[in-house]
Amino acid sequence: MRAGTDASPLERLTGRPEEGVMEIPGSIHAAMLTPLTEDAGVATAAIEPLADFILSRGVDGLYVGGSTGEAMLMSRDERAEVLRATSAAAQGRGALIAHVGAASTHDAVALARIAADAGYDAVAAVPPFYYKFSFDEIADYYRAIADAAGLPLMVYNIPALTGVALQTDELIGLLLESSVAGIKYTAKDLFEFTRLREAVPDKKCFFGSDEMFIAAVAAGTDGGIGSTYNLIGDVYVGIQRAVAAGDLETARRLQAKSHGLIKILLETGVVEGLKYAMTKVGVPVGPCRRPFRPAPSHALAKLDAWLDAEMRIAA
Ligand code: MN9
C-alpha cells in the first residue's frame, strides 16, 4: 500500500494495497434483451436460444441486465435469476458482463456478489439514482461494488435514462480510481468521449450509442455495447474491422444499415421493437414489461419491411 497521502482513496478506505486494475474482456458486446413470458415473467428457457443467436453473429460477449434487459423493471431476485441463467446459457462461449447498478449500494453489492459467484468476467453499474447523491457518495458506491465483486468494474454512464448527469471531470475522477476498469458511455457527446479516452488510455472505454459507432471507432473506442447488437451484432464487428482496415466505404455502408434499423426503432420504441424483431427472426423473447406498451402497428409495419429487406424475413 502506498504510504501516507499517496494512498489512494480505496487504499485509505480498505487499508489494503490495491490490486492491479483488472481488464474488462472483449470489444463488441450485446446489451442483451431479457426474454419474458406472455404474462411478463422471466422466460429463463428462452435465454439460451437468444444467447445462441447473438453469439452466432460474432460478438465477443453479453452485457446482461442493463437498460435493454429491462432490469430496472425487475426485482433483485429476478435480476439474479437472469444473471445466473444467462451465465449457464452462455456456456463459456463469450465474455459476460453483469449490470448490477441500483438505487441502493445494498442491492448493487448483493448483485455484484451474485455475478461473481455466477462466473461473470466483469460488472457494470449506472450511478445510484432517484435521490441526488454527492460525488463522494457515488464514488463510495462504485468502490463498494468493486470490492464486493472482485471483478473489473465499468461505470455505465447513461444520463438520458438515469437522470444522473456526471460532469466530464467527475467521470474522469471515477475512471482514475484503481477500482474502476472502464466505462460504457451511452451519450452522444463525442468531444466528451474523446476527453475521457485521452484521460485514461489504460482503461477500457466502450461506446453505447449504436448510431454513432463508426465515429467512436475513429475516436479510439475500445469497443461498443448496444441494444441493436442483439439483432445485428455482425454489423458492429464489421464496422470496427473496416475502420481498422481503412475501408471507410464499407464502414459507412454498415453504419447505414444500423441507421436504417434505429430510425424505425425510434418509432417502435427500442426495446419493444427489438423484441418484436427477435421473435420475427425466430428467437421468441416475448413482450416488454409494463409500463412499456406494445409498439404501434404502423411502426411495426416499417420494421417488417426492414426485416424482409435486410434479414430476409418475410413480413
Ligand atoms: O446503452 C442503448 N441505449 C439506450 C445502449 O437504449 C438508451 C443503445 O444501444 C441504444 O438503444 C441504441 C439506439 O438508440 O443506440
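The rules behind these values
Residues numbered from 1 in each chain as written. Predicted model: local features only at pLDDT ≥ 70, side-chain atom pairs only at ≥ 80, totals over all residues. Heavy atoms only, no water. Axes fitted to C-alpha atoms, helices over the stretch in contact; angles between N-to-C directions. Helix = DSSP H or I, 4+ residues; strand = E, 2+ residues; numbered from the N terminus. Parallel < 35°, antiparallel > 145°, perpendicular 65-115°, else oblique. Left-handed = near helix turned anticlockwise from the far one by under 90°. Contact = heavy atoms within 4.5 Å. Nonpolar A, V, L, I, M, F, W, Y, C, P; charged D, E, K, R; others polar. Phe/Tyr/Trp six-rings, centres within 6.5 Å; stacked < 30°, edge-to-face > 60°. Buried < 20%, exposed > 50% of the residue type's maximum accessible area, 1.4 Å probe, protein only.

Colleague: Residue-level account of the packing of helix H2 (residues 47-56) against helix H10 (residues 229-244), with values.
Modeller: It is the contact of H2 with H10, at a shortest axis distance of 7 Å, that shows an interaxial angle of 15°. In terms of orientation, H2 lies roughly parallel with respect to H10. For H2 against H10, the interelement crossing comes out right-handed. Contacts between H2 and H10 pair Leu50, Phe53 and Ile54 from the former with Tyr229, Asn230 and Leu231 from the latter. Broken down by class, the residue content of the contact of H2 with H10 amounts to 5 nonpolar, 1 polar and no charged.

Colleague: Quick one: what's the story with the packing of aromatic side chains, residue by residue and with numbers?
Modeller: Under the counting rule described, the total for this entry stands at 10 aromatic pairs. A ring pair is formed by Tyr130 and Tyr131, whose centres lie 5.1 Å apart and whose planes are at 80°; its orientation type is edge-to-face. Like Tyr131, Tyr130 is exposed. Between Phe193 and Phe207 the ring centres are 5.0 Å apart and the planes differ by 75°, which places this aromatic pair in the edge-to-face class. Linking Phe193 in helix H8 (residues 190-199) with Phe207 in strand E7 (residues 204-207), this pair joins segments that are 14 residues apart in sequence. Taking relative accessible area as the criterion, Phe193 reaches 0% and is therefore assigned buried. Here Phe207 falls in the buried class, since its relative accessible area comes to 0%. In this structure an aromatic cluster arises from ring pairing among Tyr130, Tyr131 and Phe133.

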